[in-house]
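As a plain string of letters, each chain reads:
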Amino acid sequence: MQWWNDLISWLTSSESQTAVFAAIVLFVSILAAGLLAAWISSAAVKRVVAQRDREAKTAAIAALVDAATEASVWNSLTPQEQVLADRTVGQADILVRLLPIRGSDIAANWASHQLHELKRASATFGYQLDPAVVEFRDRLLEWQRHPSRTKRQFQNDLVRWRTQRDETPEQSAIDEQEAWVAQQHHDRYRDAVTITDTAEASTAPTPTVATDGTGPTATLPVSDAQR
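Residues numbered from 1 in each chain as written. Predicted model: local features only at pLDDT ≥ 70, side-chain atom pairs only at ≥ 80, totals over all residues. Heavy atoms only, no water.

1. Some remarks on the overall build of the chain
- For the chain, the count of helices and strands is seven helices and zero strands.
- Each helix and strand of the chain, placed in order from N terminus to C terminus, yields the pattern α-α-α-α-α-α-α.
- Every one of the 227 residues in the chain was classed for burial, and the buried ones make up 22%.
- In the chain, of all internal contacts separated by at least 6 residues, the share reaching a separation of at least 24 is 70%. (Helix = DSSP H or I, 4+ residues; strand = E, 2+ residues; numbered from the N terminus. Buried < 20%, exposed > 50% of the residue type's maximum accessible area, 1.4 Å probe, protein only. Contact = heavy atoms within 4.5 Å.)

2. A closer look at the packing of helix 2 (residues 17-71) against helix 3 (residues 79-97)
- Put simply, helix 2 and helix 3 touch, their axes get as near as 9 Å, and they point 150° apart. In terms of orientation, helix 2 lies roughly antiparallel with respect to helix 3. In this structure, helix 2 crosses over helix 3, and the sense of that crossing is left-handed. Within the contact between the two elements, helix 2 uses A60, A63, L64, A67 and E70 and helix 3 uses A85, V89, A92, L95 and V96.
- Residue composition of the contact of helix 2 with helix 3, grouped by class: nine nonpolar, no polar and one charged. (Axes fitted to C-alpha atoms, helices over the stretch in contact; angles between N-to-C directions. Parallel < 35°, antiparallel > 145°, perpendicular 65-115°, else oblique. Left-handed = near helix turned anticlockwise from the far one by under 90°. Nonpolar A, V, L, I, M, F, W, Y, C, P; charged D, E, K, R; others polar.)

3. Focus: the nonpolar core
- L64, W110, L115, L118, F136, L140 and W143 are the most contacted members of the largest nonpolar core, which totals 27 residues.
- Only helix 2, helix 3, helix 4 (104-124), helix 5 (129-145) and helix 6 (147-167) provide two or more residues apiece to this core.
- With eight residues, the single largest contributor to this core is helix 2.
- Excluding residues within four positions of it along the chain, F136 makes contact with L64, V65, A68, W110, A111, Q114 and L115. (Core = buried A, V, L, I, M, F, W, Y, C linked by side-chain atoms within 4.5 Å.)

4. Thoughts on the confidence of the model for the chain
- On average, residues of the chain carry a pLDDT of 75, and 68% of them reach 70 or more.
- This model gives residues 209-227 a pLDDT under 50, and the stretch forms three contacts once residues within four places in sequence are excluded. (pLDDT = per-residue confidence, 0-100.)

5. A closer look at helix 2
- Taking 1.5 Å per residue as the helical rise, helix 2 with its 55 residues ought to reach 81 Å, and the 80 Å between its terminal C-alpha atoms agrees with that figure.
- For helix 2, every residue scored as buried is listed here: K57, A60, I61, A63, L64, V65, A67, A68 and A71. (Expected span 1.5 Å × (residues − 1).)

6. Structural notes on helix 3
- For helix 3, which comprises 19 residues, the first-to-last C-alpha distance of 27 Å matches the rise-based estimate of 27 Å (1.5 Å per residue) to within 8%.
- Buried within helix 3 are the following residues: P79, Q82, A85, A92 and V96. Looking straight down helix 3, one finds that the buried residues subtend no more than 135° of arc, so they occupy a single side. Away from its buried face by more than 90 degrees, helix 3 exposes Q80, L84, R87, Q91 and I94. (Arc of directions from axis to C-beta.)

7. Section: the pattern of salt bridges
- Following the criterion strictly, the structure yields nine salt bridges and no others.
- A salt bridge links D93 to R97; the shortest N-O distance between them is 2.7 Å. With D93 and R97 both in helix 3 and four residues apart, the pair spans about one turn of that helix.
- Among the salt bridges present, the one from E117 reaches R120, with a minimum N-O distance of 2.6 Å. Of this pair, E117 and R120 both sit in helix 4, three residues apart, which is roughly one turn of that helix.
- Salt bridges sharing common partners tie together D93, R97 and D105. (Salt bridge = Lys/Arg side-chain N within 4 Å of Asp/Glu carboxyl O.)

8. Quick word on the packing of aromatic side chains
- Per the stated rule, a full pass over the model turns up two aromatic pairs.
- Taking 5.7 Å as the distance between ring centres and 5° as the angle between the ring planes, the aromatic pair formed by W110 and F136 counts as stacked. Separated by 26 residues along the polypeptide, W110 in helix 4 and F136 in helix 5 bring together distant segments of the chain. By the burial criterion, W110 is buried, and F136 matches it.
- Ring geometry for W110 versus F154: centroids 4.4 Å apart, planes at 20°, classification stacked. Pair noted here: W110 is in helix 4 and F154 is in helix 6, with a separation of 44 residues, a long-range link. Comparing W110 with F154, the two get one shared label, buried. (Phe/Tyr/Trp six-rings, centres within 6.5 Å; stacked < 30°, edge-to-face > 60°.)

What follows is the structure, given as structure tokens:
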């Protein structure tokens, strides 16, 4: 215990005040520098993560808007183009659902319903599609800027559409009509491909065979062995 008593005596003495003060200042400086470095690093990481989130959100929204443009002319696309468009929509849907934003699933469900409506309107030719695509784009951009407020609007739209679907007695007939239109679309392009193949086969050169005595006979070269 003697060394402890000596330490206490030295700390309380007037000669050690300068050294104790310098040690305290050094400790506080090191602690403040460490906290400042940690804060700067955390802010830099947050900025990088936020930038990547914005890029992912922008890419997903751009893919959905492009899909809406194709859905507005869905009935004029070939079946192969429709498959590629559906693959693009699926990838964009996954990107939206994986975004670290509250309500991203609701936004993906809303976009999926709107794309389906655009496809159906294109098949029936009974709708002005340009305003619908513009509204689809503006709503998604609004969701990018204000996700919390737009989330409630998307949820209200989904509830309203679900209620309208349940209250529509002829919904099964509408579904059958959509399936019939899609089948007619595929049959039309399949018939077009069949006609094209038949035309190419009919325009191919046909070899002619000379008849005996009624026309010119081709003279074939005689080989050395036949001579």
